[in-house]
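Chain by chain, the residues:
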Amino acid sequence: MRVLLVEDDELLGSAIQAGLVQAGYDVDWVRDGIAADQALALEGHELLVLDLGLPRKDGLTVLRALRQRGSDLPVLILTARDAIEDRVRGLDLGADDYLVKPFDLDELSARLRAIGRRRAGRASPLIRHGALTLDPAARSVTFEGEEVSLHPKEIAILEALLESRGRALTRERLEQLLYGWGEGVESNTVEVHVHHLRKKLGKELIRTIRGVGYMIPREG
Ligand code: CA
């Protein structure tokens with residue numbers, strides 16, 4: 001899952017980035033409000049972690065503009081301990097949750113997972129599909145009761161397809177999920193990962209939608 005991190009503090013930003021990568025997220029990090037606007041305009045992210053005290057344009061202004069554009073991107077705001085008013089305003093402007101600095105990185109990942117679950121309308125932290133279970137927190141997959149060894153990028157593809165069951169995702173969309181900016185993308189990478197997933201989880205699971213991309217059909 002691809003996260004946009006907006007944080008101007010270098011030390012905190014790099015710690016958050018490392019923590020999120022560890023938790024299985026792909027992270028793009030920008031350091032001011034204008035860069036945040038530009039990154040958000042690309043619509044390639046599934047979560048936004050937004051510091052409120054930012055150079056060039058403050059986080060509340062970024063958030064307000066995002067919601068005014070009609071975006072429902074899940075947003076977690078980061079606020080200073082004494083900034084209760086900002087927290088309240090952020091939530092009123094459409095933030096999904098907040099964390100007060102300093103915070104624990106494990107708590108940040110747990111809150112992001114909770115936001116993801118609420119958005120997907122799931123109370124259970126596990127994604128189940130037939131004999132398949134994906135644990136978004138542990139980044140693990142079991143199939144017919146056995147743990148399956150998968151590359152983190154394969155888990156990311158599988159998670160995205162499971163989250164949008166019944167809807168095809170384009171190859172470009174899946175590529176976007178996998179790569180941060182500036183990384184080279186091999187043209188057949190998604191195909192290779194899908195091939196591995198089919199080998200390990202059965203070739204019926206992921207359908208190729210010709211000319212579009214891939215889909216996991218709904219059960220039943
Ligand atoms: Ca700041």
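Scroll up to find the structure this text is about.
Residues numbered from 1 in each chain as written. Predicted model: local features only at pLDDT ≥ 70, side-chain atom pairs only at ≥ 80, totals over all residues. Heavy atoms only, no water.

(A) Focus on the sheet that holds strand β10 (residues 169-170). Reading across from one edge, β10-β12-β11 is the order of the 3 strands in this open sheet, with antiparallel pairing throughout. In this open sheet, the two edge strands, each paired with only one partner strand, are β10 and β11 (207-209). For β11 and strand β12 (residues 213-215), the ladder comprises 3 bridges, and the chain directions are antiparallel. The partner of I209 across the bridge, within β12, is G213. Lying over the sheet, helix α8 (residues 189-201) contacts β11 and β12, oriented at roughly 30° with respect to β12. (Pairing = 2+ DSSP bridges. Helix = DSSP H or I, 4+ residues; strand = E, 2+ residues; numbered from the N terminus. Contact = heavy atoms within 4.5 Å. Axes fitted to C-alpha atoms, helices over the stretch in contact; angles between N-to-C directions.)

(B) Molecular detail of the pattern of salt bridges. Counting across every chain of the model gives 13 salt bridges. Close ionic contact of E7 with K101 constitutes a salt bridge, the shortest N to O distance being 3.2 Å. Here K101 lies in the loop between β5 (97-100) and α5 (105-119) and E7 lies in the loop between β1 (2-6) and α1 (10-22), a separation of 94 residues in the sequence. Linked through salt bridges whose partners overlap, the residues forming this network are E7, D51 and K101. (Salt bridge = Lys/Arg side-chain N within 4 Å of Asp/Glu carboxyl O.)

(C) Here's a closer look at the layout of surface pockets. Approximately 860 Å³ is the volume attributed to the largest pocket. Lining of the largest pocket is provided by 28 residues; of these, H45, E46, L73, P74 and R173 occupy positions nearest its centre. Counting residues per element, the ones that place at least two in the lining of the largest pocket are α2 (33-41), α5, α6 (152-163), β10 and α7 (171-178). When residues of the lining of the largest pocket are assigned to their parent elements, the largest contribution, 4 residues, is made by α6. Split by residue class, the lining of the largest pocket holds 13 nonpolar, 6 polar and 9 charged. Both domains that furnish three or more residues to the lining of the largest pocket are identified here as domain 1 (2-120) and domain 2 (127-215). Each pocket or cavity is described by its volume, and for the second largest pocket that value is around 160 Å³. Residues of the lining of the second largest pocket, tallied by class, amount to 5 nonpolar, 2 polar and 3 charged. For the lining of the second largest pocket, the two domains that each supply at least three residues are domain 1 (2-120) and domain 2 (127-215). (1 Å grid on protein atoms, 1.4 Å probe; cavity = no way out; pocket = protein on both sides within 12 Å on 5 of 7 lines; lining within 4 Å. Points joined across faces, edges and corners; volume = space filled by probe spheres on them. Nonpolar A, V, L, I, M, F, W, Y, C, P; charged D, E, K, R; others polar. Domains from an automatic or database assignment.)

(D) Examining the coordination of the calcium ion more closely. Every protein donor of the calcium ion is accounted for by D8 (OD), D51 (OD) and G53 (O), and the metal-donor separations fall at 2.2 to 2.3 Å. Sequence spacing of the donor residues for the calcium ion, all on one chain, is D-x42-D-x1-G. Look at D51 and you get buried, because its relative accessible area is 4%. (Donors = N, O, S within 2.8 Å, 3.2 Å for Na, K, Ca; no water. Buried < 20%, exposed > 50% of the residue type's maximum accessible area, 1.4 Å probe, protein only.)

(E) Structural context of the nonpolar core. Of all hydrophobic cores here, the largest spans 26 residues; its most connected members are V141, I157, L158, L174, L201 and I206. Of all the elements, α6 adds the most residues to this core, at 7 residues. If we ignore the near neighbours within four places in the chain, the residues touching I206 are L161, V194, L197, R198, Y214, M215 and I216. (Core = buried A, V, L, I, M, F, W, Y, C linked by side-chain atoms within 4.5 Å.)

(F) Expanded view of unusual backbone geometry. That bond from K101 to P102 is cis: its omega, -5°, falls within 30 degrees of zero. By the secondary structure assignment, P102 is in the loop between β5 and α5. For E43, which is not glycine, the phi torsion reads 55° and is therefore positive. Relative to the elements of secondary structure, E43 occurs in the loop between α2 and β3 (47-51). Within the chain, R56 stands out as a residue other than glycine whose phi angle is a positive 70°. Tracing the sequence through the fold places R56 in the loop between β3 and α3 (59-68). Judged by its relative accessible area of 64%, R56 is exposed.

(G) Quick peek at the side chain of D32. Looking at the secondary structure, you find D32 in the loop between β2 (26-30) and α2. Overall, D32 belongs to the buried group, its relative accessible area being 13%. A distance of 3.2 Å separates the side chain of D32 from the side chain of R56, its partner in a polar contact. Among residues more than four places away in sequence, those in contact with D32 are V6, L54, P55 and R56. (Polar contact = N/O pair within 3.5 Å; in protein donor to acceptor, adjacent residues only side chain to side chain.)

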